[in-house]
Amino acid sequence: MNFTEHRKTLKETVRIKGIGLHSGKEVNLVGHPAPVGTGIVFEYRKGEDKASIPVELSNVVDTSNATTLGDGLHRVQTVEHLMAAVFSLGITDMILEIDSVEVPIMDGSSLPFLEAFENTGYTEFEERIEPIYVKNPMWVVDGDKYLVILPSETWKVTYTIDFPHPLLKGQNITIDLDRDILKNEILPARTFGFLKDVEALQARGLAMGGSLDNAIVLTQDGYLNESLRYENECVRHKILDLVGDLSIAGRPIIGHYLASKAGHALDVSMAKLVMSSVTGNELGKYKSRRIPLFNRKAAMV
């Protein structure tokens, strides 16, 4: 797969509606075409309250249960499923208008976002975006959790999860990634959680939108769901999260990833570590030229 591509935006505006995982309330997400160099930018708009939050590593403010972006006053959480779809389609410039602090959970995977954006078509720009190929092994570690990237001309992931559950003990996969594999083998994988944790969260007023319609729910020794999309759907979803989190760097980071019990915190740490090794000239070349949605007309005059 050639990871050097033209910058790309949506051909038309696309509207997506769903519920927030934690609030259980309706969320409206609108994707707008954007000029070349805009990058991916969330525009939070609710009544008179509005904020512009670029999708950048410096704006990641929380990675505890999902990846959350913020500007100090406003937040948009659970961006990783949406960003995995955006990356997989090669979209580099888009305004995402949202009226909630959380991206809609949809079916718990990236597939609904992928299909919504694919249906609108794209506009390609002449400017290209270059991938980053790591030249030396790099790693981030947290106790018995780790994420390593090895030099490779192809994008490959070896991922292992090891939860105290009979079906998730040492579940692993090695897979080469390209656009087709991402679309067919990774992006449809749904998020997962444990019934005991869901009940505890809902008792605290969280995960109010969680259900079997948008998550794989594990009981003490099995699944509540009638069926899975893949036998190892849970570890595939962890790769989906990895793809979404790494995409916040703004450029494909190519290598062979070795992950064990990793998660959002290590994903983002790895992206930051790689980007810290990129030279200033390279960074400047791809610096975004963002124009917030609600300032665009004035700025373009």
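Keep in mind that what you see is a predicted model, and the values were worked out from it rather than measured.

Turning our attention to the pattern of salt bridges. Think of it this way: side chains of opposite charge can pair up when their charged atoms draw near. One pass over the full model with this rule turns up eleven salt bridges. Put simply, Lys261 and Asp144 hold a salt bridge, and the shortest N to O gap is 2.3 Å. Of this pair, Lys261 sits in the loop between β19 (256-260) and α6 (264-276) while Asp144 sits in the loop between β12 (138-142) and β13 (145-150); the two residues are 117 residues apart in sequence, bridging distant segments of the chain. The class for Lys261 is partly exposed, based on a relative accessible area of 25%.

Right, let's talk about the packing of aromatic side chains for a bit. If you walk through the whole model with that rule in mind, you get three aromatic pairs. Look at Phe87 and Trp155: their rings are 5.6 Å apart centre to centre, the planes differ by 80°, and that puts the pair in the edge-to-face class. Of this pair, Phe87 sits in helix α1 (residues 80-88) while Trp155 sits in the loop between β13 and β14 (156-161); the two residues are 68 residues apart in sequence, bridging distant segments of the chain. Taking relative accessible area as the criterion, Phe87 reaches 14% and is therefore assigned buried. For Trp155, a relative accessible area of 4% corresponds to the buried category. With centroids separated by 5.7 Å and ring planes inclined at 55°, the aromatic side chains of Phe163 and Phe194 adopt a geometry described as tilted.

On the UniProt side, "active site" (unreviewed entry) is annotated at positions that read His264 here. The residue His264 is located in helix α6 in this model. Exposure remark for His264: the relative accessible area of 11% places this residue in the buried category. In this view, His264 contacts Thr63, Asn65, Ala66, Thr67, Glu80, Asp241 and Asp245; residues no more than four positions away in its chain are not counted.

Let us look at the sheet that holds β19. Two modes of strand pairing occur in sheets, parallel and antiparallel, and in both the strands are linked by backbone hydrogen bonds. The five strands lie next to each other as β12-β13-β19-β14-β15, forming an open sheet whose pairing is mixed. Each having just a single partner strand, β12 and β15 (171-176) make up the two edges of the open sheet. When strand polarity is set aside, the average angle formed by the axes of neighbouring strands in this sheet is 5°. For β12 and β13, the ladder comprises five bridges, and the chain directions are antiparallel. Following the sheet pairing, Met138 is matched in β13 by Ile149.

Taken together, the three strands give an open sheet; going across it, the order is β6-β7-β8, and neighbouring strands pair in antiparallel fashion. Strand pairing shows two members of the sheet lacking a second neighbour, β6 (60-62) and β8 (75-76), which therefore form its edges. Looking at chain direction, β6 and strand β7 (residues 68-70) are connected through two bridges and run antiparallel. In the strand pairing of β7, Asp62 is matched with Thr68.

Turning our eyes to something else, we now look at the UniProt feature "binding site: Zn(2+)" (unreviewed entry) in the protein chain. Sequence positions flagged by UniProt for "binding site: Zn(2+)" (unreviewed entry) are, in local numbering, His81, His237 and Asp241. Separation in sequence by 161 residues is not matched in space for these annotated residues, since their most distant C-alpha atoms are only 9.4 Å apart. Structurally, the position occupied by His81 is in helix α1. Under the relative-accessibility criterion, His81 is labelled buried at 4%. Residues in contact with His81, not counting those within four places in the same chain, are Ile105, Gly108, Ser109, Ser110, Phe113, Thr191, His237, Leu240 and Asp241. Among the secondary structure elements, His237 is positioned in helix α5 (residues 233-246). Classification of His237 by relative accessible area gives buried; the value is 1%. Those residues in contact with His237, other than ones at most four positions away along the chain, are His81, Gly108, Ala189, Arg190 and Thr191.

Cut-offs applied
- Every chain is numbered on its own, with residues counted from 1 as its sequence reads.
- Per-residue local features are limited, in this predicted model, to residues with pLDDT of at least 70; the limit for side-chain atom pairs, both in listing and counting, is 80 or more; totals at the level of whole chains, interfaces and linings are taken over all residues.
- Based on all heavy atoms of the structure, the side-chain values leave hydrogens and waters out of the count.
- We define a salt bridge as a contact between a side-chain nitrogen of Lys or Arg and a carboxyl oxygen of Asp or Glu at a distance within 4 Å.
- Every helix listed is a DSSP run of H or I at least four residues long, and every strand listed is a run of E at least two residues long, numbered separately from the N terminus.
- We call a residue buried when its accessible area falls under 20% of the maximum for its residue type, exposed when it is over 50%, and partly exposed in between, using a 1.4 Å probe and counting protein chains only.
- Note on aromatic pairs: the rings of Phe, Tyr and Trp (six-membered ring only in Trp) are paired at centre separations within 6.5 Å, and the planes decide the class, stacked below 30 degrees, edge-to-face beyond 60, tilted for the rest.
- UniProt positions are given in the numbering used here, feature names are shortened, and annotations may be inferred rather than shown by experiment.
- The contact criterion used is simple: two residues touch if any of their non-hydrogen atoms lie within 4.5 Å.
- For two strands to count as paired, DSSP must find a minimum of two bridges between them.
- Axis definition: a line fitted to C-alpha atoms, over the contacting stretch in the case of helices. Angles run 0 to 180 degrees between N-to-C directions.

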